[in-house]
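Architecture at a glance
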Amino acid sequence: MRKLLSIFQDESITSVVIGKFDGLHRAHRQLFSYLDEGGAIVVIQGVQENLTPGEMKQEFSSFPIYVADFNSIRHLSGEEFFYLLQKVFPCLKKIVVGYDFRCGKNRSFQAQDISKVFDGEVKIIPEIHYKGRPIHASDIRKLLMDGKIHEANELLGRAYIVEGSIVKGQGIGRKELVPTINIKVYSFLIPKDGVYCTYTQLNDELYSSITFVGKRVTTDNSFAIETHLLAPQISTQFPLKLPSHASFSFYSLKLPSHARIHFLKYLRANRKFVAIKDLKQQIKKDILETKLFHKAHSDLLYNIWFAKDSI
């Protein structure tokens, strides 16, 4: 990913698609399909970027991504922004935007206005639906906050992912419950508190897992994201790879400094138990249900990319 304003000229780019593109969901990928071989994605990076923040965006597309921070261009009118765009990409022949594209002061410059300042092809894509439902990042966020992982994943066209650093836990898991990896997440939207069927990714290794999100109300009442690994998964088609990091020993595993959680199914809400033994009994039930889910959905490509079609 490159900063748009740091580029003097890039003559290799002949088409661009412009938008916020948080989530890189089905509708976004439909827009990308209109790019030609010299295509690029221009991301207008705003404050609420928490579904696929930062460099993760590039992992979901083979097209190069150029980022323009909203605060760095907010002073520009729509005409000025597209003049800048054509200056940066002097060979630009096509611009692709969604039907609801807006820019400039008071967001007054609309998709239909682009042709007034650009002589090439302007492709305006109407609202995109999946199973009769419009696809918007705001709706996906609400579904995640409501624990409706299946519905959110359908709109994303993939499993929802969070990434964070591996941190030391409270130590109860290994001694009294089950061993877990504790993850500190910063930039991502955290889904609803509860227990989930998940995949846990360590570098380019993927494990079926069960993950807890929320306050540990039975023990120390601290917020945590804890994942318990069940079994490794093998796939030559696994599309996302974490960067390599220095490793350290953790129980019998050698873990990197970061991990990713792929959320597949919401199992149950978080609740307080009278005693640790009651929590342990519930965890056993949760693990059994998770194992059954993974066995029933053993097609890794289906689980990660949720639907096998490209959009």
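Before going into details, it helps to say that this report is about the structure given with it.

Rules used in this analysis
Residues numbered from 1 in each chain as written. Predicted model: local features only at pLDDT ≥ 70, side-chain atom pairs only at ≥ 80, totals over all residues. Heavy atoms only, no water. Helix = DSSP H or I, 4+ residues; strand = E, 2+ residues; numbered from the N terminus. Buried < 20%, exposed > 50% of the residue type's maximum accessible area, 1.4 Å probe, protein only. Contact = heavy atoms within 4.5 Å. Areas by Shrake-Rupley, 256 points an atom, 1.4 Å probe, with all protein chains shown as cover. Salt bridge = Lys/Arg side-chain N within 4 Å of Asp/Glu carboxyl O. Expected span 1.5 Å × (residues − 1). Arc of directions from axis to C-beta. Phe/Tyr/Trp six-rings, centres within 6.5 Å; stacked < 30°, edge-to-face > 60°. Axes fitted to C-alpha atoms, helices over the stretch in contact; angles between N-to-C directions. Parallel < 35°, antiparallel > 145°, perpendicular 65-115°, else oblique. Left-handed = near helix turned anticlockwise from the far one by under 90°. Nonpolar A, V, L, I, M, F, W, Y, C, P; charged D, E, K, R; others polar. Polar contact = N/O pair within 3.5 Å; in protein donor to acceptor, adjacent residues only side chain to side chain. Pairing = 2+ DSSP bridges.

A few words now on the overall build of the protein chain. Looking only at helices and strands, the protein chain features eight helices and 18 strands. When burial is assessed residue by residue, the protein chain has 52% of its 311 residues classed as buried. When contacts within the protein chain are restricted to residue pairs at least 6 apart in sequence, long-range pairs at least 24 apart make up 70% of them. Just so you have it, the protein chain exposes about 15,600 Å², and 51% of that area is on carbon and sulfur atoms.

As enumerated under the stated definition, the model contains 14 salt bridges in all. The salt bridge partner of arginine 2 is aspartate 10, with a shortest N-O separation of 3.8 Å. We classify arginine 2 as partly exposed; its relative accessible area is 43%. Among the residues examined, aspartate 10 registers a relative accessible area of 11% and is labelled buried. Between aspartate 278 and lysine 277 there is a salt bridge, with the nearest N and O atoms lying 3.4 Å from each other.

Under the 1.5 Å per step criterion, the end-to-end length of helix α7 (residues 276-296) is 30 Å for 21 residues, consistent within 8% with the ideal 30 Å. Where α7 is concerned, the buried positions are Leu279, Gln282, Ile283, Asp286, Ile287, Thr290, Phe293 and His294. Buried residues of α7 fall within an arc of 150 degrees about the axis and therefore sit on the same side. Of the exposed residues in α7, those oriented more than 90 degrees away from the buried face are Lys277, Lys285, Leu288, Leu292, Lys295 and Ala296. Of the surrounding elements, those touching the buried residues of α7 are β13 (194-202), β14 (205-215), β15 (223-233) and β18 (258-268).

What follows is about the packing of aromatic side chains. Inspection of every chain in the model, using the stated rule, returns eight aromatic pairs. Ring geometry for tyrosine 196 and phenylalanine 263: centres 4.9 Å apart, planes at 80 degrees, overall edge-to-face. Residue tyrosine 196 is located in strand β13, and its partner phenylalanine 263 is located in strand β18; the two are separated by 67 residues in the primary sequence. Each member of the pair tyrosine 196 and phenylalanine 263 is classed as buried. An aromatic cluster is built from Phe81, Phe82, Phe101 and Phe109, whose rings are joined through pairwise contacts.

Residue asparagine 203 is not a glycine yet carries a positive backbone phi of 55 degrees. By secondary structure assignment, the location of asparagine 203 is in the loop between β13 and β14. Even without glycine at this site, asparagine 221 takes up a positive phi of about 65 degrees.

Along the chain, the position of arginine 216 falls in the loop between β14 and β15. Given the relative accessible area of 12%, arginine 216 is considered buried.

To continue, consider the packing of helix α4 (residues 137-145) against helix α5 (residues 149-156). Packing of α4 against α5 brings their axes to within 8 Å, and their N-to-C directions diverge by 155 degrees. The pairing of α4 with α5 is recorded here as roughly antiparallel in orientation. Seen from above, α4 lies across α5 with left-handed handedness. Seen from α4, the contacting residues are Ile140, Leu143 and Leu144; seen from α5, they are Ile149, Glu151, Ala152, Leu155 and Leu156. Class assignment for the residues of the contact of α4 with α5 results in seven nonpolar, no polar and one charged.

With that out of the way, let us pick up the environment of aspartate 220. Within the secondary structure, aspartate 220 is located in the loop between β14 and β15. Residue aspartate 220 is classed as partly exposed on the basis of its relative accessible area, which comes to 33%. For aspartate 220, the side chain forms a polar contact with the side chain of arginine 216, separated by 2.9 Å.

Our focus in this paragraph is α5. Within α5, six of the eight residues are buried, which leaves the element mostly enclosed by the surrounding structure. Among all positions in α5, only Ile149, Ala152, Asn153, Glu154, Leu155 and Leu156 are buried. Positive backbone phi, approximately 80 degrees, marks glycine 157, located one or two places after α5.

Before going further, it helps to examine the sheet that holds strand β5 (residues 94-98). Strand order in this open sheet of six strands is β1-β4-β3-β2-β5-β8, and the pairing throughout is parallel. Among the strands making up the open sheet, the edge pair consists of β1 (2-3) and β8 (121-125). As judged from the five bridges shared by β5 and β8, these two strands associate in the parallel manner. Residue pairing in the sheet places valine 96 in a bridge with lysine 123 of β8. Along the sheet, helix α3 (residues 78-88) contacts β2 (15-19), β3 (39-45) and β5; its crossing angle with β2, the most-contacted strand, is approximately 145 degrees.

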